[in-house]
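Next come the chains, spelled out residue by residue.
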Amino acid sequence: MKVLKFGGTSVGSPERMKNVSKLITDGNKQIVVLSAMSGTTNNLVEISDYYKKGNADGASNLIGALEKKYAGVIEGLLETDTYRKKATEIIARECDVIRSFANKQFNVQAEKMILARGEIMSTNLVQLYHDENNIQSVLLNSLDFMFVDADGEPVMQLIEEQLQKVLSKYPDTTLFITQGFICTNNKSEVDNLKRGGSDYSASLIGAAINAEVVEIWTDIDGIHNNDPRIVKNTHPIAEMSFDEAAELAYFGAKILHPSTVLPAKVKNIPVLLKNTMEPQAKGTTISNRTTGTGVKAIAAKDGLTAIKIKSGRMLLAYGFLCRVFEVFEKYKTPIDLITTSEVAISLTIDKIDYLAQIVDELKTLGTVEVDKDQTIICIVGNMIAEEQGHAAEVLNSLKEIPVRMICYGGSEHNISVLIDTKNKEKALVALNDNLFA
Ligand code: ADP
Ligand code: ASP
Ligand code: MG
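Residues numbered from 1 in each chain as written. Chains lettered and ligands numbered in written order. Predicted model: local features only at pLDDT ≥ 70, side-chain atom pairs only at ≥ 80, totals over all residues. Heavy atoms only, no water.

1. A look at the sheet that holds strand β3 (residues 138–140)
Line of reasoning, step 1. Spatial strand order, β3-β4-β2-β1-β7-β9-β10-β8: eight strands in an open sheet with mixed pairing. The open sheet has two edge strands with one neighbour each: β3 and β8 (239–241). Across the sheet, the mean angle separating the axes of adjacent strands is 20° when strand polarity is ignored.
Line of reasoning, step 2. Two elements, strand β9 (residues 271–275) and strand β10 (residues 284–287), share three bridges in a ladder whose sense is antiparallel. Residue pairing in the sheet places Leu 272 in a bridge with Thr 285 of β10.
Line of reasoning, step 3. Along the sheet, helix α6 (residues 117–132) contacts β2 (30–34), β3 and β4 (175–179); its crossing angle with β4, the most-contacted strand, is approximately 155°. (Pairing = 2+ DSSP bridges. Helix = DSSP H or I, 4+ residues; strand = E, 2+ residues; numbered from the N terminus. Axes fitted to C-alpha atoms, helices over the stretch in contact; angles between N-to-C directions. Contact = heavy atoms within 4.5 Å.)

Encoded structure:
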């Protein structure tokens, strides 16, 4: 069985939905994971922001616009009055869920309920299109099997058991459709796998059913060697290892949710990145095969905060690093990069919900400096931290740019540097010119 995931742009219009339907009705047994139509999750975030500010009128206007947009989608997608009516009722039901928060206390849970509507709407519309056109498929509710624990981490065994249970009800079905992104948490509430999480849904489902392949269908022909939104003349990479792709996704390449690679790697399931607009393009295959040497790709991750802790006591003191890490563990804040010297330690974090508390506690260990608006530039390739010359090439490319941290040697696939976000574009272009010339 295969798992195929189609992102927001791939289901972004009635025509695109029909195109997806063509791609998935080849008779192969498969589970198809859909994102919300492009723009919808952003709209839902905006609506939530209005509620947060107590502006129910602002929210109401946006919900009205959303409902109107979907009326147009229904008209383009479905032919008959019967199916148009069914679809209109579903969209109205979902919009009413969003409206129901107008007079309630708004909280994180309300936001999660609202954000879940996008995937529910897109999957229902594609299923209705199939029903109207006598295309056999079954719509599965991902809330019935995609479970996360109190830390938002997937509970693999439960996902496997529940998905098997659901699938066993349809022994003769070849095509299943389900929502990406959304899940059920340990309190049985609607939750999500964070923005871009449909990729992660697909690889979790793939791992749960031991799929032969997980295909991520998007709007570009695979992972490129640099961010195509910033750098000109990038090219797709035909093959990457799980480790290379994981580093790239974790450190910024927007094309894949940062956690996507892990479930597939654990079960050794190849992940294929394909272009919905150009299905014949080869795309990228991520597998346990390691091919080639040298630099393969560069990515950037913004929104980092750098923290430096300086302490005379670090000198020769065992236990110092442990005490620093305990502070981050206490506030459930992951550390991305880390560098140490004899008198100081520098590290970066992405999540700043508890920054004030963390800094207060770190101050008991030494003097603390915080720099916001930092960007990690991650350079990935097979053996680049073991072969001679790559580190020199990277640093030489960045000679005009102030570098705050350098991480090298942590794995053989990666060199990472931390720079001020204002220098990101310049850094990506300079690295591109030097490393791929
Ligand atoms: P989807 O909605 O299908 O999940 P995303 O927008 O999340 O698609 O991801 C695809 C986009 O990622 C591409 O359109 C491209 O602009 C961007 N991107 C950033 N870095 C890379 C990269 N290294 N290779 C390919 N695409 C990238
Ligand atoms: N719709 C969600 C988002 O926009 C999840 C996804 O598209 O992967 O973040
Ligand atoms: Mg995405």
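2. Topic: the layout of surface pockets
Line of reasoning, step 1. Its volume calculated, the second largest pocket comes out at about 180 Å³.
Line of reasoning, step 2. The wall of the second largest pocket is formed by Glu 247, Phe 251, Asp 336, Leu 337, Ile 338, Cys 407, Tyr 408, Gly 410, Ser 411, Asn 414 and Ser 416.
Line of reasoning, step 3. Sorting the residues of the lining of the second largest pocket by element identifies β12 (335–340), β15 (403–408) and β16 (414–420) as the ones contributing at least two each.
Line of reasoning, step 4. Per-element tally for the lining of the second largest pocket: the top contributor is β12, with three residues.
Line of reasoning, step 5. A class-by-class count of the residues in the lining of the second largest pocket yields five nonpolar, four polar and two charged. (1 Å grid on protein atoms, 1.4 Å probe; cavity = no way out; pocket = protein on both sides within 12 Å on 5 of 7 lines; lining within 4 Å. Points joined across faces, edges and corners; volume = space filled by probe spheres on them. Nonpolar A, V, L, I, M, F, W, Y, C, P; charged D, E, K, R; others polar.)

3. Brief notes about the nonpolar core
Line of reasoning, step 1. Core analysis: the largest hydrophobic core is formed by 51 residues, its most contacted members being Val 3, Ile 205, Ile 223, Met 240, Leu 248, Leu 256 and Ile 286.
Line of reasoning, step 2. Here this core takes five residues from helix α8 (residues 198–208), the largest share from any one element.
Line of reasoning, step 3. Apart from the residues lying within four places of it in its own chain, the contact partners of Ile 286 are Ile 223, Met 240, Ser 241, Phe 242, Ala 245, Leu 256, Pro 270, Val 271 and Leu 273.
Line of reasoning, step 4. Counting residues in each nonpolar core, the second largest holds 45 residues, with Leu 34, Met 37, Ile 98 and Leu 143 among its members. (Core = buried A, V, L, I, M, F, W, Y, C linked by side-chain atoms within 4.5 Å. Buried < 20%, exposed > 50% of the residue type's maximum accessible area, 1.4 Å probe, protein only.)

4. Description of helix α5 (residues 108–115)
Line of reasoning, step 1. Taken together, the buried positions of α5 are occupied by Gln 109, Ala 110, Glu 111, Ile 114 and Leu 115.
Line of reasoning, step 2. Contacts from the buried residues of α5 go to α2 (40–52), α4 (81–99), α6 and β6 (190–192).
Line of reasoning, step 3. Where α5 starts, the residue carrying a side-chain oxygen 3.2 Å from the main-chain nitrogen of Gln 109 turns out to be Asn 107. (Polar contact = N/O pair within 3.5 Å; in protein donor to acceptor, adjacent residues only side chain to side chain.)

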